[in-house]
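Summary of the model geometry
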Amino acid sequence: MNHIDKLAQTLWDYNKLESSLTKADVILILGSNDIRVAERGAELFLQGYAPLVVCSGKVGVLTKRMLNKSEAEVFAEEIIKLGVPKEKILIESEATNTGENITYTKTLLKNKVVIVNRVILVQKPYMLRRAYATFKNFWPESDVITTGPQLTFEKYPNDIISKELLINIMVGDTQRIKLYADMGFQIPQEMPEVVWAAYQKLVELGYSKHLVI
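In short, a report on the structure. (Residues numbered from 1 in each chain as written. Predicted model: local features only at pLDDT ≥ 70, side-chain atom pairs only at ≥ 80, totals over all residues. Heavy atoms only, no water.)

**A short note on unusual backbone geometry**
So the rule is basically this: The secondary structure listing takes helices from DSSP runs of H or I that are at least 4 residues long and strands from runs of E that are at least 2 residues long, numbered from the N terminus. Whether a residue is buried, partly exposed or exposed follows from its accessible area with a 1.4 Å probe, protein chains only, as a fraction of its type maximum: under 20%, in between, or over 50%, in that order.
Unlike most non-glycine residues, V113 shows phi in positive territory, near 55 degrees. Structurally, the position occupied by V113 is in the loop between α4 (98-111) and β4 (118-122). Classification of V113 by relative accessible area gives exposed; the value is 70%.

Below you can see the structure in the form of structure tokens.
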């Protein structure tokens, strides 16, 4: 593993906030450019972890040029193919960021009179900590379990998400862990010095395409 990969692995390990699985009231799949997130959500439903699935997402920075329909609709179609019954799926197709994924889904389920005490939140591995911090900020009264595709950093890149793009996004997400807590978008997360040092070094090396500022 080269120097850049070691720095990136540090960010991956920090941001991949994977929970122990237990049964919940709903599986919330956050839309993105990675269909493997939908596959993970379907897998959990088919294993009996929750009786209902919500697919959430309109389009974002990484999908607005890729899709001709919402992320939620694309993900719903995928999980139906994998065996999730259509009647067990709710679609939230207006959210354009993680905060909206959470708040719009919360409103949708309230309107459907679905009682929610625990949510399984499915997202890309390197976005799990940010998803968790956002969820606890906007939906603190419910328990949340975070999980994503069961892949290592080395195995994650594919034809859609290159290693360079992955590292740039992880750098941006690590920055957001700090900034968004100060802005009221997330609850604060402790960040070890080694993680922030790896972030700073990757920025110095040019991995700055997804920084907020």
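There is more to say, and it comes next.
**Here we look at the packing of helix α1 (residues 3-15) against helix α6 (residues 163-182)**
Note the cut-off: Every axis corresponds to a line fitted to the C-alpha atoms, with the helix fit spanning only the stretch in contact, and the corresponding angles, defined between N-to-C directions, vary from 0 to 180 degrees. Orientation categories follow fixed angle ranges, with anything under 35 degrees roughly parallel, anything over 145 roughly antiparallel, 65 to 115 roughly perpendicular, and all other angles oblique. Take the far helix as your reference; a near helix turned counterclockwise from it by less than a right angle gives a left-handed crossing, and one turned clockwise gives a right-handed crossing. Throughout, a residue-residue contact means that at least one pair of heavy atoms, one from each residue, lies within 4.5 Å. As a working rule, the residues Ala, Val, Leu, Ile, Met, Phe, Trp, Tyr, Cys and Pro are called nonpolar, Asp, Glu, Lys and Arg charged, and the rest polar, with Gly in that last group.
One way to put it is that α1 packs onto α6 with a least axis distance of 10 Å and a crossing angle of 50 degrees. Judged by the angle between their axes, α1 and α6 are oblique. Considering only the axes of α1 and α6, their crossing is left-handed. Residues I4, D5, A8, L11, W12, Y14 and N15 of α1 lie in contact with α6, whose contacting residues are K163, L166, I167, M170, V171, T174 and I177. The class makeup of the residues in the contact of α1 with α6 is ten nonpolar, two polar and two charged.

**Some points on α4**
Condition: What a helix should span is 1.5 Å times the count of its residues minus one. Within 3.5 Å is the distance limit for a polar contact, defined as a pair of N or O atoms, with the added protein rule that one can donate a hydrogen and the other accept it, and that residues adjacent in sequence qualify only through two side-chain atoms.
The end-to-end C-alpha distance of α4 is 20 Å, a good match for the 20 Å that 14 residues give at a rise of 1.5 Å each. Those residues of α4 that sit buried are T98, G99, N101, I102, T105, L108 and L109. Looking at the packing, one finds that the buried side of α4 touches β1 (26-30), β2 (53-56), β3 (89-92), β4 and α5 (128-138). For α4, the N-terminal capping position is held by N97, with its side-chain oxygen 3.1 Å away from the main-chain nitrogen of G99. Where α4 terminates, the next one or two residues include V113, which has phi positive at roughly 55 degrees.

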